[in-house]
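Chain and residue survey
So you can see what is in the structure, the chains are spelled out below.
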Amino acid sequence: MKTLFSGIQPSGELHLGNYLGAIRNWVDLQETYFCYLCIVDYHAITQSYEPKLMKQRVLEMATDVLACGVDPDKAVLFVQSHVPEHTELCWVFNAVAGFGDLSRMTQFKDKSARQPENVNVGVFDYPVLQAADILLYKAVAVPVGADQSQHLELTRRIARAFNHRFGKLFPEPDTVLSQTPKLLGLDGKAKMSKSLDNTLALAATDKQIRRSLARAATDPARVTREDKGDPDNCNLYTLHRFFSDEERQAWVRQGCTTADIGCVDCKNALADNVIDHLGDYRRRREDLLAHPEKVHDALQRGAEKARATARKTMEQVHKKLGLWA
């Protein structure tokens, strides 16, 4: 099986954006790739955060990832800071990464604009650590959305630069593009984000799910119940594509375009399907919350497997660099 790497920041409990954009794909990909799946806590410290909450955020994220169906017997699930070779390889890659390449990263510009009071070197060097995350396991596949394709291309350039200068060692990984269409938050304006309060937590109760979807933005053309709409202009219809079968989607499309149904009908139908879809996740999550030792064991076993691979890679790196072993 080909090796794949993917990571997610420990933002705490998962929301629909995390699930549809990443974790749902992980569950599928673990069947066809040898997956290293990482909770990237070192990446998270480049933003302002409360240190005393970090451990809990990591634990919550790991719990949700496992509850969604990631199998620690099929995939290697671990925490980034538990494998120190990530930051060691990042430093090595700093010696071959181009300053100009990093300065042109659009995500650096976006993050700097969002946190102007904390434009630290880690924000600038973030893509180099990402390259180390991927290449430490010699991954040949990385699932990314369109907003991350620039970072993966930088990873390929870093691998190429290292191989050219010190001898061939790292592959140039390919993109496994997500099939998830662009998904905005419930406000219909920006990407799902807890800071913008436009998300829906996977662990939400039935009542919370219905309340959140009830306030979600729909097609702006439907000002009144009698107005006809276009589902393709409705962010909520995007969610129907994930959670509703073809018959229900056709019902929504026909009802919206003819004004036979209102947005409230559409939202109620979606809520029913979301609640039903998350049933297995909820049951697994309740079990993991009752037995947190299962989560700790999965992360410990994952870290041991990841460290074994990482040490072998760094031994090869040291030899290529001519370091005194």
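Residues numbered from 1 in each chain as written. Predicted model: local features only at pLDDT ≥ 70, side-chain atom pairs only at ≥ 80, totals over all residues. Heavy atoms only, no water.

Take the nonpolar core next. Here is a general trend for soluble globular proteins: nonpolar side chains tend to be buried in one another's company. Membership of the largest hydrophobic core comes to 56 residues, with the highest contact counts inside it found for L213, L239 and F243. Setting aside chain neighbours within four positions, we find F243 in contact with L16, Y19, L20, L270, N273, V274 and H277. Counting residues in each nonpolar core, the second largest holds 41 residues, with F5, V76, M105 and V144 among its members. (Core = buried A, V, L, I, M, F, W, Y, C linked by side-chain atoms within 4.5 Å. Buried < 20%, exposed > 50% of the residue type's maximum accessible area, 1.4 Å probe, protein only. Contact = heavy atoms within 4.5 Å.)

Among all positions of helix α6 (residues 106-114), only Q107, F108, K111 and S112 are buried. Relative to the axis of α6, the buried residues are bounded by an arc of 135 degrees and lie together on one face. Summarising the geometry of α6, the exposed residues directed more than 90 degrees from the buried face are A113 and R114. Buried residues belonging to α6 abut α7 (121-135) and α8 (149-166). (Helix = DSSP H or I, 4+ residues; strand = E, 2+ residues; numbered from the N terminus. Arc of directions from axis to C-beta.)

A word on the packing of aromatic side chains. Remark: the centre distance and the inter-plane angle together describe each pair of aromatic rings, the angle taken between the planes. Per the stated rule, a full pass over the model turns up nine aromatic pairs. Aromatic side chains F78 and Y137 sit 5.7 Å apart centroid to centroid with 65 degrees between the ring planes, which places their arrangement in the edge-to-face category. Of this pair, F78 sits in strand β3 (residues 76-79) while Y137 sits in the loop between α7 and β4 (141-144); the two residues are 59 residues apart in sequence, bridging distant segments of the chain. Y137 matches F78 in its accessibility class, with the two residues each being buried. Geometrically, the ring pair formed by F93 and F162 is edge-to-face, given 6.2 Å between the ring centres and 75 degrees between the ring planes. You can see F93 sitting in helix α4 (residues 85-94) and its partner F162 sitting in helix α8, a full 69 residues away along the chain. Taken together, the ring pairs in this structure connect F5, F34, Y36, F78 and Y137 into an aromatic cluster. A cation over an aromatic ring shows up here: R248 above the ring of W251, its NZ or CZ 4.6 Å from the ring centre. (Phe/Tyr/Trp six-rings, centres within 6.5 Å; stacked < 30°, edge-to-face > 60°. Lys NZ or Arg CZ within 6 Å of the ring centre and 35° of its normal.)

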